[in-house]
Amino acid sequence: MGAYYPEGFNPVSIMVQTDYVRAVEGGVGEAKTGGNYAASLLGQMEAKRRGFTQVLWLDAKEKRYIEEVGTMNMFFVIGDEVITSPLTGTILPGVTRDSVLQILKKWGTHKVSERMITIDEVVEATEKGTLKEAFGTGTAAIISPVGNIHYKDKTYTVADGMTGQLSQKLYDFILGLQYGKEEDSFGWTERIDL
Ligand SMILES: *Cc1c(COP(=O)(O)O)cnc(C)c1O
């Protein structure tokens with residue numbers, strides 16, 4: 001689904017939503033259910049109006065912790081650590097998120113963390129130059145690199161607005177698995193002879 005996003009496999013610009021929330025603890029945020037999308041529409045419209053492709057949602061209680069982006073789970077590469085939010089019940093436990101975690105653990109090239117990460121940590125890392133890449137994961141786009149993050153009237157550029165190395169490598173590898181071009185040591189693919 002290369003054309004899922006207007007940018008194709010190119011970095012998207014995302015806007016951190018500081019007014020509205022998508023899901024709350026005790027709600028249905030972890031299910032792929034229509035109501036979750038209803039709650040996200042106003043924020044999404046606002047982002048689009050301001051020239052951003054997707055909304056980055058923060059937790060409903062403190063509005064500090066990264067939850068997810070639109071219909072993707074979110075990953076940040078800070079130094080040699082790859083970070084994604086833990087499954088706390090308010091984000092969707094994406095299949096692609098799980099695949100990326102398993103692939104990264106097998107490759108062993110990065111420290112892989114499922115931990116809470118605040119928007120302040122991300123902003124600080126962009127300012128210090130330690131934020132190397134940011135990308136979303138989801139079935140439709142597989143990997144969607146993030147080139148800009150807009151937060152509180154400031155836009156932070158990630159990886160010079162380009163597709164990062166790890167984003168590209170993960171995208172190529174997962175697409176390769178799907179097409180049978182990469183050897184599947186995970187047992188995820190099944191051959192169907194017609
Ligand atoms: C579908 C979806 C994802 C990604 O899940 P995949 O199983 O990887 O496709 C992430 N967040 C939300 C809100 C979604 O609806």
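Above this text you will find the structure in question.
These figures come from a predicted structure and were not determined experimentally.

J.: Account for the packing of aromatic side chains, naming residues and giving values.
T.: Applying the stated criterion across every chain, the model contains three aromatic pairs. For the ring pair Phe-75 and Phe-135, a centre distance of 5.2 Å and an interplane angle of 5° mean the geometry is stacked. In this pair, Phe-75 sits in strand 4 (residues 73-78) while Phe-135 sits in strand 7 (residues 131-138), placing the two residues 60 residues apart along the sequence. One exposure class covers both Phe-75 and Phe-135, and it is buried. Between the aromatic rings of Trp-107 and Phe-173, the centroid separation amounts to 5.3 Å while the plane-to-plane angle is 70°, which identifies the pairing as edge-to-face.

J.: Could you give an account of the site of the ligand, naming the residues involved and the relevant values?
T.: Around the ligand sit 15 residues, and of these Lys-32, Tyr-37, Glu-68, Thr-96 and Thr-139 come closest. Separating an oxygen atom of the ligand from a backbone N or O atom of Val-95 is a distance of 2.8 Å. For the ligand, whose accessible area on its own is 380 Å², the fraction buried by protein is 94%. Contributing elements (two or more residues each) for the shell around the ligand: helix 2 (95-107) and strand 7.

J.: Tell me about the environment of Ser-113, and name the residues and values.
T.: Among the structural elements, Ser-113 can be located in strand 6 (residues 111-114). Classification of Ser-113 as buried rests on a relative accessible area of 9%. Along the primary structure Ser-113 and Ile-83 are separated by 30 residues, whereas in three dimensions their C-alpha atoms are 4.8 Å apart. Each residue touching Ser-113, except ones within four places of it in the same chain, is listed here: Glu-81, Val-82, Ile-83 and Thr-84.

What counts and how
Residues numbered from 1 in each chain as written. Predicted model: local features only at pLDDT ≥ 70, side-chain atom pairs only at ≥ 80, totals over all residues. Heavy atoms only, no water. Phe/Tyr/Trp six-rings, centres within 6.5 Å; stacked < 30°, edge-to-face > 60°. Helix = DSSP H or I, 4+ residues; strand = E, 2+ residues; numbered from the N terminus. Buried < 20%, exposed > 50% of the residue type's maximum accessible area, 1.4 Å probe, protein only. Near = heavy atom within 4 Å. Polar contact = N/O pair within 3.5 Å; in protein donor to acceptor, adjacent residues only side chain to side chain. Areas by Shrake-Rupley, 256 points an atom, 1.4 Å probe, with all protein chains shown as cover. Contact = heavy atoms within 4.5 Å.

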